[in-house]
Amino acid sequence: MSALESAHATGRLPHAILIHEAPGSGGAALATWIAQLVLCESRPPCGKCAACRHVLEAQHPDLTLVHPLEDSQQIRIEQVRELGAELALTSHQGGYKVAVIEPADALNRFAANALLKTLEEPAPRTVLVLVAHQPSRLPATIVSRCQRVSVRAPTREQSRAWLTASRGPGDWDAVLDVIGEAPLAAAALDPTAVAQLASETVRGLDQAVQGSADPVGLAERWSRSELALRLTCFENWLTERIHGRLVIPANRAEVRSGAHSRPPDSVLNTQVLFELLDRVRELKAALATPINRSLALESLLRSLRN
Ligand SMILES: [Zn+2]
């Protein structure tokens, strides 16, 4: 951040910055900070002036945000063309124009080609920020034109300390166990509710394996409340079981003594577990599309018995 600050102060800020972030580790927050750095009306980035606040609210006229459109996993060529046209105009406030593309991994092939044109001939006083989880999925021609900045996932201790300081005490470990090392995403959740939801979901899955759960009722209930989080719990539950089968016996005792281990069950073999994991991930990816969630989930729960 200080490197970008001094680059800006001396007028050497690159036209294009590629933020490589571990999912949920704050790449979007850094992109917002960069936008404030160049658009701030006071000593940048103050975080308090009207411009900084407008950036934070995604309301600044010289800031363009590009995300996948609703119901789509992709950023399309029309969006990139619009962005190119927007950046070619002079800024509303007489200063910089900033564009943030997030996640840049979502640019489809045509959109990436169109973006290359913008990168090859950048308009003066423009900054293009790309946020990507997997920059390797972007064409090398794009990556080579960007200055790269990495945002690493924080350690569990750092996440816990930050969450406790910013959100107050709570069972943050339970939240991080469910969603992974993503403190910014965790901060938006209620630790008590997540812990409760996780244990309830695990209990439901255990019962589904034993045949003591009603798949129809469970699927209906889960599809109506926090399905995305529940599917993440389902994923974790499957991953734990797969791990339990893949570790060598010497480690197995150790793994099984952990708080999250459970005894191996005879019903599910490893192949089935991997197939289920794929199906859970497919369902998660399809949540934004108009599918019958309850029916899809019911079929998954039934597979736990087959
Ligand atoms: Zn400011």
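Coordinates for the structure precede this section.
Reading the values: rules and limits
- Residues numbered from 1 in each chain as written.
- Predicted model: local features only at pLDDT ≥ 70, side-chain atom pairs only at ≥ 80, totals over all residues.
- Heavy atoms only, no water.
- Helix = DSSP H or I, 4+ residues; strand = E, 2+ residues; numbered from the N terminus.
- Buried < 20%, exposed > 50% of the residue type's maximum accessible area, 1.4 Å probe, protein only.
- Contact = heavy atoms within 4.5 Å.
- Areas by Shrake-Rupley, 256 points an atom, 1.4 Å probe, with all protein chains shown as cover.
- Pairing = 2+ DSSP bridges.
- Right-handed = clockwise from strand over helix to strand, strands pointing away.
- Donors = N, O, S within 2.8 Å, 3.2 Å for Na, K, Ca; no water.
- Tetrahedral: all angles 85-135°; square planar, octahedral: opposite > 155°, others 65-115°.
- Polar contact = N/O pair within 3.5 Å; in protein donor to acceptor, adjacent residues only side chain to side chain.

Caption draft 1: Layout of the overall build of the protein chain. Scanning the protein chain from terminus to terminus reveals 15 helices and five strands. Looking at the 306 residues of the protein chain, the share that counts as buried comes to 43%. Here the contacts in the protein chain between residues at least 6 apart in sequence split such that 68% fall between residues at least 24 apart. Accessible surface computed for the protein chain: about 16300 Å², of which carbon and sulfur atoms make up 52%.

Caption draft 2: Quick look at the pairing of strand E3 (residues 97–101). Across the five residues of E3, five count as buried, placing the element largely inside the fold. Neither face of E3 is exposed, since Lys-97, Ala-99 and Ile-101 on one face and Val-98 and Val-100 on the opposite face are all buried. In terms of strand pairing, strand E2 (residues 63–66) meets E3 through four bridges, oriented parallel. Considered in E3, the bridge of Leu-65 is made with Val-100. For the crossover from E2 across helix H4 (residues 77–88) to E3, the handedness is right-handed. Bridge analysis of E3 against strand E4 (residues 126–132) gives five bridges, and the strand direction is parallel. Bridge pairing in E4 links Ala-99 to Leu-128. The β-α-β motif built from E3, the intervening helix H5 (residues 109–120) and the parallel element E4 has right-handed crossover chirality.

Caption draft 3: Structural view of the coordination of the zinc ion. In the first shell of the zinc ion, the protein supplies Cys-40 (SG), Cys-46 (SG), Cys-49 (SG) and Cys-52 (SG), at 2.2 to 2.4 Å from the metal. Every donor counted, the four donor atoms about the zinc ion form angles of 105 to 118 degrees at the centre, which fits tetrahedral coordination. All donors of the zinc ion belong to a single chain; written as a sequence motif, their spacing is C-x5-C-x2-C-x2-C. On the accessibility criterion, Cys-40 (13% relative accessible area) is buried. In this structure Cys-49 comes out as buried when scored by relative accessible area, which is 12%.

Caption draft 4: A look at the side chain of Ser-303. Looking at the secondary structure, you find Ser-303 in helix H15 (residues 293–303). Here Ser-303 falls in the buried class, since its relative accessible area comes to 14%. There is a polar contact of 2.9 Å between the side chain of Ser-303 and the backbone oxygen of Ser-299.

As far as function goes, none of this settles anything; it's purely spatial.
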